Amino acid sequence: MKILVTGGAGFIGSHVVRRMVTTYSEYTIYNLDALTYAGNLENLKDIEKAANYKFFKGDIVDEAFVFEIFKEYNFDGIIHLAAESHVDRSIKDPLAFVKTNIIGTVNLLNAAKEFWKDDKKGKKFYHVSTDEVYGSLGANGLFTEETSYQPNSPYSASKASSDHFVRAYGETYGLPYVISNCSNNYGPNHFPEKLIPLFINNIIEGKSLPVYGNGKYTRDWLFVEDHAAAIDLVFHKGKNRETYNIGGFNEWQNIDLVKLLCKLMDNKLQRSLGTSEKLIAYVKDRPGHDLRYAIDASKISKELGWKPSVTFEEGLEKTINWFLENKEWLLNVTSGEYQDYYNKMYS
Ligand code: NAD
Ligand code: DAU
């Protein structure tokens, strides 16, 4: 099989590419990534020379480029992860999200439609999406695959739109597809604009920890390698035209999570207990901030036999160790453009 993974140099994409390259030596994995601020080939250093791996630098918004590589390689499957992924950035620049997340996805759909039109057997367009398309939960309830869409941020609206396009190409053109909607990931290689890696970096540097609003927002956290395992399973075993919700069965209010992180970091850095907690600063809330996300992952669990393999404690331990052992990675990604972003976002 020739499989195109888009966004493979990013956080989740790099774990998916590594898993596919190392598990399936009989496949060739093509990684297409524009290497935006979030894309980093350092994430794939260990497998970059594998015989069954090829990298293309390119933009999914560039229709001619997308068609060219489809024509040349005639992929059997696509695992589409390339996206603008940070909610705060989407609030400042929604159009960038429309371009990559909607137009980019439609370009890939058009290429798949064109090149698979005479033979759809064994083909699959897999769109990796988010639970944020469902909007926000109150204190109770879980997102199921039947929950109606109610995106609240430009990011989630763009992902919801791309989900709808994928479904529409299935209905209208018979394109074989599958979609998954996952909760918040964390783990190695996570870009330090998102809560967990940002706070790990700030604790290392002794900088303040900007908790939005009252800190009582809830997220359902999943270790990134468990998401990659679920993606592998959905790609191979997921039923045509189905959606699968993926989550960690692991809800945390932000403030409780931040306090836990502070404790673990004090311990790792051999600082006295309470040092990092003093860095917590309540700041202005995120506009349109979703109160709570929580996934009902019973469908993927029952139908495909998936469940998370690590506990939150184990996952956080692995994550913190990785960041402490990869200070150069952190330094590289936090120099340059990151400083500008940080100053504008948190000044
Ligand atoms: P990320 O921001 O870390 O990585 C995105 C990757 O896409 C980067 O390598 C970037 O260079 C690439 N990219 C961006 N624009 C591109 C373009 N126009 N053309 C080609 N490549 C482009 O994102 P992530 O957190 O790894 O998320 C990956 C996917 O998973 C996204 O689709 C996101 O919506 C989805 N998702 C993320 C989470 C999460 O918690 N991070 C949860 C559920 C779903
Ligand atoms: O639910 C899946 C989604 O999770 C993915 O689709 C997104 O790509 C991913 O970025 C993530 O979105 P969130 O907005 O939930 O993640 P983030 O890490 O930005 O924020 C997590 C929570 O922490 C949220 O309630 C906002 C809060 N927060 C975040 C930052 C960056 C803060 O309090 N302070 C911060 O500085």
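One can find the structure itself at the top, above this paragraph.
Report on the accompanying structure. (Residues numbered from 1 in each chain as written. Chains lettered and ligands numbered in written order. Predicted model: local features only at pLDDT ≥ 70, side-chain atom pairs only at ≥ 80, totals over all residues. Heavy atoms only, no water.)

Considerations on the sheet that holds strand E11 (residues 251–253)
Then step 1. Overall, mixed pairing links the three strands, which are arranged E7-E9-E11 in an open sheet. Edge positions in the sheet fall to strand E7 (184–186) and E11, since each of these pairs with one other strand and no more. On average, each strand axis in the sheet is tilted by 50° relative to the strand beside it, whichever way the strands run.
Then step 2. Examined bridge by bridge, E7 and strand E9 (residues 218–223) share three bridges and lie parallel to one another. Bridge pairing links Tyr 186 to Phe 223 in E9. (Pairing = 2+ DSSP bridges. Helix = DSSP H or I, 4+ residues; strand = E, 2+ residues; numbered from the N terminus. Axes fitted to C-alpha atoms, helices over the stretch in contact; angles between N-to-C directions.)

Observations concerning unusual backbone geometry
Then step 1. A positive phi angle, near 45°, is found at Asn 74, a position not held by glycine.
Then step 2. In this structure, Asn 74 sits in the loop between helix H2 (63–73) and strand E4 (77–80).
Then step 3. With a phi angle near 70°, Asn 189 is a residue other than glycine that sits in the positive phi range.
Then step 4. Relative to the assigned elements, Asn 189 resides in the loop between E7 and helix H6 (195–205).
Then step 5. With a relative accessible area of 8%, Asn 189 lands in the buried category. (Buried < 20%, exposed > 50% of the residue type's maximum accessible area, 1.4 Å probe, protein only.)

A short note on the site of ligand 1
Then step 1. Taken together, 28 residues lie near ligand 1, and Asp 33, Asp 59, Ser 85, Tyr 155 and Lys 159 sit nearest.
Then step 2. Separating an oxygen atom of ligand 1 from a side-chain N or O atom of Ser 85 is a distance of 2.7 Å.
Then step 3. Contact between ligand 1 and Tyr 155: an oxygen atom at 2.6 Å from a side-chain N or O atom of the residue.
Then step 4. When ligand 1 sits alone it has 830 Å² of accessible area, and the protein chains cover 96% of it.
Then step 5. Counting only elements with at least two residues in the shell around ligand 1, the list comes to helix H1 (11–23), strand E5 (124–130), helix H5 (154–173) and E7.
Then step 6. With three residues, the top contributor of residues to the shell around ligand 1 is E5.
Then step 7. A per-class count over the shell around ligand 1 returns 13 nonpolar, twelve polar and three charged. (Near = heavy atom within 4 Å. Polar contact = N/O pair within 3.5 Å; in protein donor to acceptor, adjacent residues only side chain to side chain. Areas by Shrake-Rupley, 256 points an atom, 1.4 Å probe, with all protein chains shown as cover. Nonpolar A, V, L, I, M, F, W, Y, C, P; charged D, E, K, R; others polar.)

So, the environment of Phe 11
Then step 1. Along the chain, Phe 11 turns up in helix H1.
Then step 2. According to the relative accessible area criterion, Phe 11 is buried, its value standing at 13%.
Then step 3. The sequence separation of Phe 11 and Ala 38 amounts to 27 residues, and the corresponding C-alpha distance is 7.7 Å.
Then step 4. Each residue touching Phe 11, except ones within four places of it in the same chain, is listed here: Asn 185, Tyr 186, Gly 187, Pro 188, Asn 189, His 190 and Val 224. (Contact = heavy atoms within 4.5 Å.)

Looking at the site of ligand 2
Then step 1. Taken together, 26 residues form the shell around ligand 2, and within it Thr 130, Asp 131, Tyr 155, Arg 286 and Tyr 346 come nearest.
Then step 2. The side chain of Asn 184 places a nitrogen or oxygen atom 2.8 Å from an oxygen atom of ligand 2.
Then step 3. Contacts to ligand 2 include Arg 219, whose side-chain N or O atom sits 2.8 Å from an oxygen atom.
Then step 4. Compared with its free state, where it exposes 690 Å², ligand 2 has 94% of that area covered by protein.
Then step 5. Of the residues assigned to the shell around ligand 2, the class counts are twelve nonpolar, seven polar and seven charged.

Brief notes about the packing of H6 against helix H10 (residues 312–325)
The axes of two packed helices give the description: the angle between them and the distance between them.
Then step 1. For the pair H6 and H10, the least separation of the axes is 11 Å and the interaxial angle reads 50°. Regarding the angle of H6 to H10, the classification is oblique. Where H6 crosses over H10, the handedness of that crossing is right-handed. Listed contacts from H10 to Ile 196, Pro 197, Ile 200 and Ile 204 of H6 are Leu 316, Thr 319, Ile 320, Phe 323 and Leu 324. (Parallel < 35°, antiparallel > 145°, perpendicular 65-115°, else oblique. Left-handed = near helix turned anticlockwise from the far one by under 90°.)

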